[in-house]
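# Geometric and topological summary
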Amino acid sequence: KNGVAGAVDERLIGRIMALFPDATTLGAFAMVAVAASSAAQLGRGLHLPLISGYILAGAIAGPYMLGLLTHEQVHSMKLLINSAAMGFIGFSAGTKFLLTELRGSLKPLLLLLACIIGASYLVVGTGFWLASPFLHLTADYSPKKRLAVSLIVACLSIARSPSSIIAVINELSAHGGFTSATLSVTVMTDIVVVLAFAGTTTVVSSLVSDLPDHAPTADPGTSRVIALFACQMATSVVAGTVLGYLLHFALSLSSAAASSLSAAIEQARPTP
């Protein structure tokens, strides 16, 4: 029994350790990060934002060019970068929202969001549909399959990058109504794209279901996707509200303690 328990513990520890990068990977990532910072500073001479240098340096150092970071190393940093960093990005995005600046502008923002989504489906979907006969991936597909792939590509084109927007906003120290509106539309787009993807996959499934070469697959169902998304959003709202009040309470206590300490120092200071 002790041998079995020890083997199980070793496997569990091995799986946990596999989720985190090793020292070599962290060292390589640190060197690439330093190089990316230098490349970003050089890009300022071309009047480019810092994030352009970060993206360019990452692409050059990645597994598809210089190979300073291999596929395995990039995969091992998935938890550290994709999960932990997204928390900081979301927190930073929340600090940029000013409800006073968005008050009364919800209807124009929703109209702008609808126009962006409609234009993305129209322009990207139509463009991919026209180019699909010349692409290696879709050259042999039937018209229905080309339409299905075009809809999926158009749906994915809706997604925006809040991290890029936040990086440019922080670099330029931008603030005001336009900045809040831009960030609001970007964040709302990332929410809408989940619902749009659920609807698009339903339409695509109906398009290709009657094709003779279509292999039947398990359909998760639009209702299940929407229900899971709603549960995640509700959990995020509740957790964010609780953490927000706790953070506000902690900052209030620290501010009160600093004020009390300052008053005590002033009283203890001898009068001339």
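Preceding this paragraph is the structure being described.
Parameters and conventions
Residues numbered from 1 in each chain as written. Predicted model: local features only at pLDDT ≥ 70, side-chain atom pairs only at ≥ 80, totals over all residues. Heavy atoms only, no water. Helix = DSSP H or I, 4+ residues; strand = E, 2+ residues; numbered from the N terminus. Buried < 20%, exposed > 50% of the residue type's maximum accessible area, 1.4 Å probe, protein only. Contact = heavy atoms within 4.5 Å. Areas by Shrake-Rupley, 256 points an atom, 1.4 Å probe, with all protein chains shown as cover. Core = buried A, V, L, I, M, F, W, Y, C linked by side-chain atoms within 4.5 Å. Patch = residues over 30% accessible without salt bridge, like charges linked within 9 Å, V, L, I, M, F, W, Y side chains within 5 Å. Salt bridge = Lys/Arg side-chain N within 4 Å of Asp/Glu carboxyl O. Axes fitted to C-alpha atoms, helices over the stretch in contact; angles between N-to-C directions. Parallel < 35°, antiparallel > 145°, perpendicular 65-115°, else oblique. Left-handed = near helix turned anticlockwise from the far one by under 90°. Nonpolar A, V, L, I, M, F, W, Y, C, P; charged D, E, K, R; others polar.

## What about the overall build of the protein?
When helices and strands are tallied, the protein shows 11 helices and 0 strands. Taken from N to C terminus, the helices and strands of the protein fall in the order α-α-α-α-α-α-α-α-α-α-α. Counting every position in the protein, which comprises 272 residues, the buried fraction comes to 21%. Relative to all contacts within the protein whose residues are 6 or more apart in sequence, the contacts with residues 24 or more apart total 72%. Put simply, the protein shows about 18700 Å² of open surface, and 72% of that area lies on carbon and sulfur atoms.

## Details of the nonpolar core
One finds Leu 109, Leu 113, Ile 117, Cys 155, Ile 158, Val 185, Met 188, Val 193 and Ala 196 forming the largest nonpolar core, which totals 9 residues. When contributions to this core are tallied by element, the ones reaching two or more residues are helix 7 (106-131) and helix 10 (177-208). Once residues within four sequence positions are removed from consideration, Cys 155 is found in contact with Tyr 121, Val 193, Ala 196, Phe 197 and Thr 200. Counting residues in each nonpolar core, the second largest holds 5 residues, with Ala 28, Val 32, Ala 61 and Leu 69 among its members.

## Details of a nonpolar patch on the surface
Together, Leu 56, Ile 60, Tyr 64, Met 65, Leu 66 and Leu 68 make up a nonpolar patch on the protein surface, roughly 700 Å² of accessible area in all. The residue Ile 60 is located in helix 3 (residues 50-61) in this model. A relative accessible area of 33% places Ile 60 in the partly exposed class.

## Section: the environment of Gly 62
Along the polypeptide, Gly 62 turns up in the loop between helix 3 and helix 4 (71-76). Note on Gly 62: relative accessible area 9%, which makes it buried. In the structure, Gly 62 is positioned 12 residues away from Val 74 in sequence and 8.3 Å away in space, judged by C-alpha atoms. Beyond its immediate chain neighbours, meaning those up to four positions away, Gly 62 contacts Gly 67, Leu 68 and Leu 69.

## What about the packing of helix 7 against helix 10?
Orientation of helix 7 relative to helix 10, taken along the N-to-C sense of each, is 50 degrees, at an axis distance of 10 Å. For the element pair helix 7 / helix 10, the angle class is oblique. Along this stretch, helix 7 crosses helix 10, giving a crossing that reads as right-handed. Here Leu 109, Leu 110, Leu 112, Leu 113, Ile 116, Ile 117 and Tyr 121 of helix 7 lie close against helix 10, whose contacting residues are Ala 181, Ser 184, Val 185, Met 188, Thr 189, Val 192, Ala 196 and Thr 200. Looking at the contact of helix 7 with helix 10, its residues break down into 12 nonpolar, 3 polar and no charged.

Purely geometric numbers; function is a separate question.
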